[in-house]
Amino acid sequence: MDQLYREAIIDHYKHPRHKGHLPDPDIHYHDTNPFCGDEVTIELKVEDGVVVDAAFDGRGCAISQASASMMMEEIIGMPVEELRQWTKEDILDMLGIEIGPVRLKCALLPLKALKAGLWGLEEWPE
Amino acid sequence: MTTQAPSPDFVQKLAEIRAQFPVLEREVHGKPLIYLDNAATTQKPLPVIQALDEYYRRYNANVHRGVHTLSEEATAAYENARLRIARFVNAPSPKQVIFTRNATESINLVAHTWGRANLGPGDEVLITEMEHHSNIVPWQILQEQLGFTLRHIPLTSQGTLDLSQLDGLVNQRTKLVSFVHVSNVLGTVNPVARLVEAARSVGAKVLIDAAQSVPHMPVDVQALGADFVVFSGHKMAGPTGIGVLYGRRELLEEMPPFLGGGDMIREVKLSGSRWNALPYKFEAGTPSIAQGIGLGAAVDYLNQVGVDWIWEHERTLVRYAYEQMSQVEGLRILGPGPEERGGLIAFTLEGVHPHDLAAILDMDGIAIRAGHHCAQPLHDRYGMVASARASFYLYNTLEEVDKLVAGLEKAVDVFAL
């Protein structure tokens, strides 16, 4: 448990960074995890192929929400092309914890939303 | 809590029960397993495991077909199991015990056969807001095809059925009242007699989802007065893949078959077929033979322990757990007080998502459920996405409740940063 719920995870969960909405986002993507009821919305401002601002909104377990919060800090300033290549491993490195197959869906929900947004997927109508 | 010291007889009996469940010997993350997810599925005692093993080792054969010895032995074991299961719930005849995969399939069977033959535009089916998805979705699917109206009895803020509008909800258009006996989330034991009486007064049929009652309390299907009663084997110490539909004889006789195939026919000609007698009319194809025999062994075992004893033991556990859990800061219990509920408690803990809570408890070897427990409308009603749930069975102990509560306190600490 010390592994799964290390302090940084709890801290990001209780004090999320960049939580909210951007005034005029270039990219907006909302996704859910029906198993947990986790929800994440990602908004990005992109200039010259670089993410210049990012915000997320959502609700759910500590793993999904901390993953989104940490991801916002990571991606600001990064080129879109690089982020499009992000994988599961990048998220697990960022979280710094080991996660079993069931909770992996929680950890990867923000990545799923980010990549769907970056690749221009249309949002699934609610 | 001022629990009286348990009697030596009780301590002895509980130890004997626990010794019959091999899985209780294992450790999870280095801690003894504390299994509190019994509403999802229960553990299996040795007599059930041995019954499956013996069938496969000694007399594995198809039933109702062969003339050879193994097939006769398998048929006898399978049909004897049906007989004991019928007695277990006091069905008038084993012909009225239809084997299905589980309670979900039993409800779907009623929907597809009785429902298709009896429901149409202008008719109403009445369920409740606390139903498991298995007693909502089959009716929604059928509703789209047949055009009847699906209505529900709402919930009170205390987690019981709000019967104040019952007279209007049950009316001349009502053809079926289908409800859960004991809620798998709230634990609420519903007032069966009142609901059956209301349904009868307008000539509506009654289906009772007894998945959370038959395993835990004495259930007499004739005394319930329902037309259909459904339950699952795996929630009552039996194997997965076997469930029961009990039905009133004349209804079962009238109903068209469910699935078509072997075993459910009397005569097949290319121009048409005639159906087999009860219960086989509803059991197409090779059934879950080992699982049926295993469920027979499960009811023998539950009878041996005593279903009254199991119910009383769960009462003790749930009263104690309710009191202890109420003292955890930020913990909110869903549903009514301990005297109006079965042996389970669903709850939320402020600031800790149920999935995180379940993960933290798992590190201490404690298995609980987290999520919407296949009852999303119920969670919507109380403005929640998910909850955590501890559910008890005959092998659980007061010490395990203490460890659960200690685990909850620990979760509060982890998230108190």
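Each value, and the rule that gives it
Residues numbered from 1 in each chain as written. Chains lettered and ligands numbered in written order. Predicted model: local features only at pLDDT ≥ 70, side-chain atom pairs only at ≥ 80, totals over all residues. Domains from an automatic or database assignment. Contact = placed C-beta atoms within 7 Å. Helix = DSSP H or I, 4+ residues; strand = E, 2+ residues; numbered from the N terminus. Nonpolar A, V, L, I, M, F, W, Y, C, P; charged D, E, K, R; others polar. Axes fitted to C-alpha atoms, helices over the stretch in contact; angles between N-to-C directions. Parallel < 35°, antiparallel > 145°, perpendicular 65-115°, else oblique. Left-handed = near helix turned anticlockwise from the far one by under 90°. Buried ≥ 20, exposed ≤ 12 C-beta atoms within 10 Å, placed from the backbone.

1. Quick word on the domain arrangement of chain B
All names here are of chain B.
Here is step 1 of the chain: We note that the domain assignment places domain 1 (8–41 + 306–414) and domain 2 (49–303) within chain B.
Here is step 2 of the chain: A separation of 28 Å is found between the C-alpha centroids of domain 1 and domain 2.
Here is step 3 of the chain: Counting residues at the interface gives 25 residues for domain 1 and 24 residues for domain 2.
Here is step 4 of the chain: Elements with a minimum of two residues in the side of domain 1 that touches domain 2: helix H11 (307–326), strand E14 (344–349), helix H13 (376–381) and strand E17 (387–391).
Here is step 5 of the chain: With five residues, the single largest contributor to the side of domain 1 that touches domain 2 is H11.
Here is step 6 of the chain: For the side of domain 1 that touches domain 2, the residue count by class is 13 nonpolar, six polar and six charged.

2. Things to note about the packing of helix H2 (residues 46–58) of chain B against helix H10 (residues 289–305) of chain B
Residues and elements named next belong to chain B.
Here is step 1 of the chain: It is at 8 Å that the axes of H2 and H10 come closest, and there the two elements cross at 150 degrees. It follows from the interaxial angle that H2 and H10 lie roughly antiparallel. As for how H2 packs across H10, the hand of that crossing is right-handed. In this structure, H2 uses Pro47, Val48, Ala51, Leu52, Tyr55 and Tyr56 to contact H10, whose residues at the interface are Ala290, Ile293, Gly294, Ala297, Ala298, Asp300 and Tyr301.
Here is step 2 of the chain: Taken together, the residues that form the contact of H2 with H10 break down as 11 nonpolar, one polar and one charged.

3. Examining the interface of chain B and chain A
Put simply, an interface is often sized by how much accessible area is lost when its parts join up.
Here is step 1 of the chain: Each partner contributes to the interface: chain B provides 13 residues, whereas chain A provides 14 residues.
Here is step 2 of the chain: When residues of the side of chain B that touches chain A are assigned to their parent elements, the largest contribution, four residues, is made by helix H12 (residues 354–362) of chain B.
Here is step 3 of the chain: Residue composition of the side of chain B that touches chain A, by class: eight nonpolar, four polar and one charged.

4. Thoughts on unusual backbone geometry
Here is step 1 of the chain: Omega for the bond connecting Leu278 of chain B with Pro279 of chain B falls within 30 degrees of zero, at -5 degrees, which places this linkage in the cis form.
Here is step 2 of the chain: Within the secondary structure, Pro279 of chain B sits in the loop between strand E12 (272–275) and H10.
Here is step 3 of the chain: The phi dihedral of Asp48 of chain A is positive, around 50 degrees, even though this residue is not glycine.
Here is step 4 of the chain: Relative to the helices and strands, Asp48 of chain A resides in the loop between strand E2 (38–47) and strand E3 (50–59).
Here is step 5 of the chain: Positioned with a positive phi, His373 of chain B is a non-glycine residue whose angle comes to about 50 degrees.
Here is step 6 of the chain: Relative to the helices and strands, His373 of chain B is located in the loop between strand E16 (369–371) and H13.
Here is step 7 of the chain: With 25 C-beta atoms packed within 10 Å, His373 of chain B lands in the buried category.

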